[in-house]
Amino acid sequence: KNPDYQPFPNSWKIELGSFASKHIDGYALALVSFPLPLGAKNKNYGQNVFTPVEITFKLYTAVPVRGYVNLQAPPDYELKNATGLRMRSAPVGVDLVTELPFQAEAVTDSRSCSLRLQGTIGLAAEVPYTIMVLTKNPLQLSSTASTLWTLTCLSPSLDPLDEGSVDSYKIHPSALFTVNNKFNQRYSLQPVSLEVSITFDRAIRFGDFVQLNAP
């Protein structure tokens, strides 16, 4: 069984009794690398909403047409569907999912998402790609659950090609929020005096925005 990460130094040797060979260079593991941390639009837990998460990756082995790219989120996350697959260097809006010759069909099941490459060109090795997937964060924070996202690539005949894992983004509790009708003005046509109390889980700095939306 191969290790989860490329060992360093990566060498083997043969021993027989009191004799041993010189070190033999090991093989390189077919690991998916992640040049950038995950980009999440929502980093709060406890909110029952789907928001985009951007995963940037590079393959060690090319994935041919009709091959698979499988993405699995950590426990308690929920994936809805992949909304974008493109080269990292491509302009935003040039999407490999919808633009020929790149195409992919996505199947999502709870915390995993599988994309099967269609069209005429697969994914090349050592080229940064980006997947955008709609994600729902956990409803509560767990100190024991895994925080790794795993990306696995398979050939059209389901032979394993590449696999790699990346740490998730840090999630925070949602702000504590109350709205109080100060003078109990329920039916007046006059402006109502409201008192809004918000406790944030981290500091609000100069240049940040706080936006209040009414029903």
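Shown above is the structure to which this text applies.
The present account deals with the structure reproduced in this document. (Residues numbered from 1 in each chain as written. Predicted model: local features only at pLDDT ≥ 70, side-chain atom pairs only at ≥ 80, totals over all residues. Heavy atoms only, no water.)

With respect to the nonpolar core
Then step 1. Formed by 30 residues in total, the largest nonpolar core has its most connected members in F57, W149 and L151.
Then step 2. Secondary-structure elements contributing two or more residues to this core are β7 (51-57), β8 (68-72), β9 (78-87), β11 (112-119), β12 (129-136) and β13 (148-154). (Core = buried A, V, L, I, M, F, W, Y, C linked by side-chain atoms within 4.5 Å. Buried < 20%, exposed > 50% of the residue type's maximum accessible area, 1.4 Å probe, protein only. Helix = DSSP H or I, 4+ residues; strand = E, 2+ residues; numbered from the N terminus.)

Quick notes on the packing of aromatic side chains
Then step 1. Throughout the structure, instances matching the rule amount to four aromatic pairs.
Then step 2. Between Y77 and Y169, the aromatic rings sit 6.1 Å apart at their centres with planes inclined by 90 degrees, giving edge-to-face as the arrangement. Here Y169 lies in the loop between β14 (160-167) and β15 (172-173) and Y77 lies in the loop between β8 and β9, a separation of 92 residues in the sequence. For the pair formed by Y77 and Y169, the shared burial category is buried.
Then step 3. Measuring from ring centre to ring centre gives 6.4 Å for W149 and Y169, while their planes differ by 40 degrees; the resulting arrangement is tilted. Residue W149 is found in strand β13, and its partner Y169 is found in the loop between β14 and β15; the two are separated by 20 residues along the sequence. Taken individually, W149 and Y169 each receive the classification buried, so the pair is uniform in this respect.
Then step 4. Taken together, the ring pairs connect Y77, W149 and Y169 into an aromatic cluster. (Phe/Tyr/Trp six-rings, centres within 6.5 Å; stacked < 30°, edge-to-face > 60°.)

A short note on the sheet that holds β7
Then step 1. Ordered by their spatial adjacency, four strands build an open sheet running β5-β7-β12-β9, and the pairing between neighbours is antiparallel. Each end of this open sheet is capped by a strand with a single partner; those strands are β5 (39-40) and β9.
Then step 2. Where β9 meets β12, seven bridges bridge the pair, whose relative direction is antiparallel. Its bridge partner being in β12, G84 is matched across the sheet by M132. (Pairing = 2+ DSSP bridges.)

Here we look at the environment of Y60
Then step 1. Note on placement: Y60 falls in the loop between β7 and β8.
Then step 2. Between the C-alpha atom of Y60 and that of D162, which follows or precedes it by 102 residues, the distance is 6.6 Å.

Description of the side chain of S155
Then step 1. Among the structural elements, S155 can be located in the loop between β13 and β14.
Then step 2. Beyond its immediate chain neighbours, meaning those up to four positions away, S155 contacts G67, Y68 and L161. (Contact = heavy atoms within 4.5 Å.)

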